[in-house]
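Listed here are the chains, written in short residue letters.
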Amino acid sequence: LIGIDVSKEEDFPSWYQQVLTKGEMLDYYDVSGCFILKPASYFVWETIQNWFNDKIKKIGVRNCSFPLFVSEDVLQREKDHIEGFAAEVAWVTHAGNTPLEKKIAIRPTSETVMYPYYSKWIRSHRDLPLRLNQWNSVVRWEFKHPQPFLRTREFLWQEGHTAHLTEEGAAEEVLQILDHYAHVYEDLLAVPVVRGKKTEKEKFAGGYYTTTVEGYIPATGRGIQGGTSHCLGQNFSKMFNITVEDPAVRGDEKKPPLYVWQNSWGLSTRTIGVMVMIHSDNKGLVLPPRVAEVQVAIVPVGVTKATTEEERQALYKEIDELTAKLTAVGVRTESDLREGYSPGWKFNDLELRGVPLRLEFGPGESKGGFVTAARRDIPGKDGKSQIELKNLTTAIPELLDTIHNDLFRRADAQFREHRKQLTQWDDFVPLLNEKNVLLIPHCLTEECEDQIKDLSARKAEENSDVPQDARAPSMGAKSLCIPFDQPEGIEAGVTKCLNPHCERFAEKWCMFGRTS
Ligand SMILES: O=C1CCCN[C@@H]1CCCn1cnc2ccccc2c1=O
């Protein structure tokens with residue numbers, strides 16, 4: 001069992017692959033862009049599922065399952081929905097050697113699968129709000145370089161699809177769901193996110209507006225879209241004729257039918273990749289305790305040739321009792337009593353697997369009535385402490401919470417440190433090239449966004465005294481979101497857009513950055 005042989009700082013892609021494979025989270029699969037989710041990562045996904053299911057069921061969302069396939073003509077029904085995505089759609093064309101009459105798409109998302117049936121099922125305003133969700137996988141045959149969890153040709157997600165009588169009803173739910181997404185990141189994964197609204201350029205083209213939670217990967221300095229909650233307006237209900245009679249109608253007064261207002265919202269296994277990229281280190285995975293399959297591992301130490309058989313058995317018995325005590329208070333605990341593996345070997349294994357807390361227990365601890373705790377998130381001596389056995393069942397849960405809070409606090413500090421609010425355009429590119437995301441007064445027009453992307457793209461540097469990796473050409477900055485939390489300083493009709501080539505006034509502070 002060897003450790004990670006590259007560092008997060010010097011070769012991030014290789015580091016990420018090794019952390020995932022040696023941490024038993026994932027394996028590579030023989031179809032390019034597809035990956036195997038091993039139990040350790042699937043446990044994270046199940047924990048997210050359980051938490052999110054509990055929240056959405058409280059607002060009346062019910063889970064369901066629609067077919068994987070979409071017929072060609074149904075998929076094309078909503079033109080600007082499919083615009084820009086057509087190249088990613090995977091098609092079934094044969095059964096065995098027999099070509100199909102008409103090719104069939106594998107769902108890349110389920111709007112067009114579900115909404116013909118929303119039209120059939122929704123007859124009266126009493127059927128509203130209709131709120132359905134699917135936990136499934138979708139296929140998008142991207143050609144950009146695949147990245148485990150972040151960009152894969154098939155991924156697991158949930159996709160919620162709801163229908164409401166009014167715009168206000170839809171709007172309220174869009175924000176409720178976005179709040180749950182933010183809490184999945186912050187309360188389960190210890191990952192800070194910025195909540196906001198996508199610009200017209202970056203929103204879902206088939207929708208009305210898109211709200212989003214945006215993360216930040218310190219190692220690459222790039223933003224990452226964490227999850228989106230869209231209001232679709234009446235675009236899809238007009239396309240799929242999803243209408244109800246106007247409840248305000250009186251007597252035999254005739255009123256045209258009302259098109260329903262719809263939302264759709266999605267969160268995927270990308271969450272897992274973001275968590276790994278932010279928290280893991282050069283010794284392997286670092287798992288936030290609330291999503292760790294094993295939260296505490298107890299390892300016998302100090303067993304030597306001088307230790308008698310009965311001393312060893314007594315020690316192991318004590319360890320079994322400690323394991324049972326912690327399990328009884330809801331701490332997911334395992335002990336590793338295997339002979340033939342040294343404590344050092346076991347420590348290395350636990351570090352690779354990201355187990356948040358290791359408890360060492362030997363004759364010394366037993367005699368002294370304590371365990372020696374070692375935090376995974378703080379390597380070396382600083383992460384070690386002695387915990388009295390009599391306090392174990394309160395101190396360990398508290399320590400796990402402390403670990404969660406410290407993981408969040410560190411990540412939040414890094415995000416804040418690299419989120420620069422600008423008032424001078426000349427600072428934009430230099431700060432972008434120093435792994436920052438930038439908050440700038442912006443006009444919110446697509447044309448201006450395109451200009452900023454070009455102005456901030458890094459051509460391959462000619463002069464050779466620029467360090468190699470900084471010379472690599474790279475994408476310009478894209479808008480990430482218009483944060484709901486707007487700083488002061490923009491005077492409508494006075495403050496100019498930061499882009500020097502743009503003549504418009506700034507509308508909002510808008511966050512820009514390179515994206516993952
Ligand atoms: O984000 C979400 C959340 C969950 C439900 N769907 C929305 C919007 C999906 C946008 N989208 C994204 N990739 C696609 C790829 C191929 C065809 C269609 C699409 C497509 O419509």
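Within each chain, residues carry numbers counting from 1 in the order of the written sequence. Confidence filtering applies because this is a predicted model: local features only for residues at pLDDT of at least 70, side-chain atom pairs given and counted only at 80 or more, and all residues used for totals across whole chains, interfaces and linings. Side-chain metrics rest on all non-hydrogen atoms present in the structure, leaving aside hydrogens and water.

A. Examining the site of the ligand more closely. If even one non-hydrogen atom of a residue comes within 4 Å of a molecule or strand, that residue is called near it. Residues in contact with the ligand amount to 17 residues; listed here are only the nearest, His81, Thr109, Glu111, Arg140 and His230. Between the ligand and the protein, one listed contact pairs a nitrogen atom with a side-chain N or O atom of arginine 140 at 3.4 Å. A distance of 2.9 Å separates an oxygen atom of the ligand from a polar atom in the side chain of histidine 230. Note on areas: Shrake-Rupley, 1.4 Å probe, and residue coverage restricted to the protein chains presented here. The fraction of the free accessible surface of the ligand (480 Å²) that becomes covered by protein chains is 94%. Each polar contact in these results corresponds to two N or O atoms within 3.5 Å; when the atoms are within protein, one needs to be able to donate a hydrogen and the other to accept it, and residues that are neighboring in sequence are counted only if both atoms are side-chain atoms.

B. Representation of the packing of helix 2 (residues 39-58) against helix 8 (residues 270-279). Angles shown run from 0 to 180 degrees and are taken between the N-to-C directions of axes, each axis being a line fitted to C-alpha atoms and, for helices, limited to the stretch in contact. Secondary structure elements are taken from DSSP: a helix is a run of H or I of four residues or more, a strand is a run of E of two residues or more, and numbering for both begins at the N terminus. For the pair helix 2 and helix 8, interaxial distance at closest approach is 10 Å and the crossing angle is 115°. For the pair helix 2 and helix 8, the sense of crossing is right-handed. Where helix 2 approaches helix 8, its residues Ser41, Val44, Trp45 and Ile48 are matched on the opposing element by Thr271, Ile272 and Met275. Note on residue classes: Ala, Val, Leu, Ile, Met, Phe, Trp, Tyr, Cys and Pro are nonpolar, Asp, Glu, Lys and Arg are charged, and everything else, Gly too, is polar. Split by residue class, the contact of helix 2 with helix 8 holds 5 nonpolar, 2 polar and no charged. Each helix crossing is assigned a hand: it is left-handed if the near helix lies turned anticlockwise from the far helix by less than a right angle, otherwise right-handed if that turn is clockwise. Contact between two residues is taken to exist if any of their heavy atoms lie within 4.5 Å; hydrogens are not considered.

C. A look at the pairing of strand 21 (residues 437-442). Counted residue by residue, strand 21 has 6 buried out of 6 residues, so it is predominantly covered. Relative accessibility thresholds used throughout: buried, under 20% of the residue-type maximum; exposed, over 50%; partly exposed, between the two (1.4 Å probe, protein chains only). Alternating residues of strand 21 divide into Val437, Leu439 and Pro441 and Leu438, Ile440 and His442, and every residue in both groups is buried. In short, DSSP must find at least two bridges between two strands for them to pair. One ladder, built from 3 bridges, connects strand 20 (residues 419-421) with strand 21; its direction is parallel. Residue pairing in the sheet places lysine 420 in a bridge with leucine 438 of strand 21.

D. Quick peek at the environment of phenylalanine 66. Within the secondary structure, phenylalanine 66 is located in the loop between strand 3 (62-63) and strand 4 (69-71). Spatially, the C-alpha atom of phenylalanine 66 lies 8.1 Å from that of serine 110, the residues being 44 residues apart in sequence. Residues in contact with phenylalanine 66, not counting those within four places in the same chain, are Arg107, Val113, Met114, Tyr117, Trp121, Leu132 and Gln134.

E. A look at helix 14 (residues 446-455). Listed as buried for helix 14 are Cys448, Glu449 and Ile452. Projection of helix 14 onto a plane perpendicular to its axis shows the buried side chains occupying an angular sector of 105°, all on one side. Opposite the packed face of helix 14, turned more than 90 degrees from it, sit the exposed residues Glu447 and Asp454. If you follow the buried residues of helix 14, they end up packed against helix 13 (428-432), strand 21, strand 22 (478-483) and strand 23 (508-513). Relevant arc is that of directions from the helix axis to the C-beta atoms, nothing else.

F. Quick look at the layout of surface pockets. Only protein atoms enter the 1 Å grid used here, on which a cavity is any set of points holding a 1.4 Å probe that cannot leave and a pocket is any open set flanked by protein within 12 Å on both sides along at least five of seven lines; residues with an atom within 4 Å of a point are listed as lining. Grid points are joined across faces, edges and corners, and a volume is the space filled by probe spheres set on the points. One number sums up the size of the second largest pocket: a volume of about 310 Å³. Lining the second largest pocket are 15 residues, and of these Val193, Val194, Arg416, Arg419 and Asp485 sit closest to its centre. Elements that contribute at least two residues to the lining of the second largest pocket include exactly strand 9 (194-197) and helix 12 (392-417). Per-element tally for the lining of the second largest pocket: the top contributor is helix 12, with 4 residues. For the lining of the second largest pocket, the class distribution of residues is 9 nonpolar, no polar and 6 charged.

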